[in-house]
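The chain contents come next:
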Amino acid sequence: MGTTASQLGKDLLSEYQELTFLTKQEILLAHKRFAELLTKDEKDLPNIRVPMERILTLPELKSNPFRKRICHVFSTSELKDGSLTFEDFLDLLSAFSDSATLEIKSHYAFRIFDFDDDGTLDCGDLEKLVNCLTGETDDTRLTTEEMRQLIGNILEESDIDKDGTVNLSEFQHVISRSPDFVSSFKIVL
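Okay, so let's go over this structure. (Residues numbered from 1 in each chain as written. Predicted model: local features only at pLDDT ≥ 70, side-chain atom pairs only at ≥ 80, totals over all residues. Heavy atoms only, no water.)

### Section: helix H5 (residues 67-74)
For step 1, the next point in the chain: Inspection of H5 places Arg 69, Ile 70, Cys 71, Val 73 and Phe 74 among the buried residues, and these make up the whole buried set.
For step 2, the next point in the chain: Of the surrounding elements, those touching the buried residues of H5 are helix H3 (52-55), helix H4 (59-62), helix H6 (86-95) and helix H7 (102-113). (Buried < 20%, exposed > 50% of the residue type's maximum accessible area, 1.4 Å probe, protein only. Helix = DSSP H or I, 4+ residues; strand = E, 2+ residues; numbered from the N terminus. Contact = heavy atoms within 4.5 Å.)

Structure follows, in structure tokens:
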């Protein structure tokens, strides 16, 4: 399913349409934007992997507080370095597209928020999540007590089985009650 960066055949384009929530035009635009991240020497190489540092130069990701986690979650690199192939990039855009389902969006949101990749959102994950949302400057950082109280409130609302963590189904239950989640969980090129 690989492709050279300089061309995208009709068959491959059709396959990408079938496998993603993206339209033909969105895939072609994604291909153009991905190709712009490549150096001259990389443009003709098949299945080229773009380093996370270059991916993060995209304006659509640059100001997202979860930009590095997004790259890590969608990267198929065995090095776990956040680098993306074109297909990884399409998967990312597909999950963040307007057409993606609530189930897909909430699944990827959970994985992005699961900073230690252990399949649950524990106190450490929730603290990192809050810090990403509030900013980690002295002016915006919550006090230890404020953080403890906020995490306690989050767990009180979300932790249905009372095990001290939020699992995927508990997270999806909370998200299902948030009407603006689907419309706000998006990246548009």
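### Section: helix H8 (residues 123-134)
For step 1, the next point in the chain: Relative to the 16 Å expected for 12 residues at 1.5 Å per residue, H8 spans 16 Å between its end C-alpha atoms, a close match to the ideal helical length.
For step 2, the next point in the chain: When we look at burial in H8, the residues that qualify are Asp 125, Leu 126, Leu 129, Val 130, Asn 131 and Cys 132.
For step 3, the next point in the chain: Check the buried side of H8 and you find it contacts H7 and helix H9 (144-158).
For step 4, the next point in the chain: One side-chain oxygen at the N-terminal end of H8 lies 3.1 Å from the backbone nitrogen of Gly 124; it belongs to Asp 122.
For step 5, the next point in the chain: At the C-terminal side of H8, Gly 135 shows a positive phi close to 90 degrees. (Expected span 1.5 Å × (residues − 1). Polar contact = N/O pair within 3.5 Å; in protein donor to acceptor, adjacent residues only side chain to side chain.)

### Digging into the pattern of salt bridges
For step 1, the next point in the chain: Under the criterion given, the structure shown has nine salt bridges.
For step 2, the next point in the chain: Residue Glu 42 is joined to Arg 54 by a salt bridge in which the shortest nitrogen-to-oxygen separation is 2.7 Å. Note that Glu 42 is positioned in the loop between helix H2 (24-36) and H3 and Arg 54 in helix H3, a separation of 12 residues in sequence.
For step 3, the next point in the chain: Across the salt bridge formed by Asp 117 and Arg 69, the nearest N and O atoms sit 3.0 Å from each other. Residue Asp 117 is located in the loop between H7 and H8, and its partner Arg 69 is located in helix H5; the two are separated by 48 residues in the primary sequence.
For step 4, the next point in the chain: Arg 69 gets classed as buried once you look at its relative accessible area, which sits at 12%.
For step 5, the next point in the chain: Within the structure, one salt-bridge network assembled from shared partners comprises Lys 32, Arg 33, Glu 36 and Glu 60. (Salt bridge = Lys/Arg side-chain N within 4 Å of Asp/Glu carboxyl O.)

### Some words on the packing of aromatic side chains
For step 1, the next point in the chain: Here the structure, examined in full by the defined rule, presents 10 aromatic pairs.
For step 2, the next point in the chain: Residues Phe 74 and Phe 96 carry aromatic rings whose centres are separated by 6.2 Å and whose planes lie at 50 degrees to one another, so their mutual orientation is tilted. A residue pair is termed long-range when its members are at least 10 positions apart, and Phe 74 in helix H5 and Phe 96 in the loop between H6 and H7 qualify at 22 residues.
For step 3, the next point in the chain: We classify Phe 74 as buried; its relative accessible area is 5%.
For step 4, the next point in the chain: By relative accessible area, which is 3% here, Phe 96 ends up buried.
For step 5, the next point in the chain: An aromatic cluster of at least three residues, connected via ring pairs, comprises Phe 74, Phe 96, Tyr 108, Phe 181 and Phe 185. (Phe/Tyr/Trp six-rings, centres within 6.5 Å; stacked < 30°, edge-to-face > 60°.)

In short, shape yes, function no, at least from these values alone.
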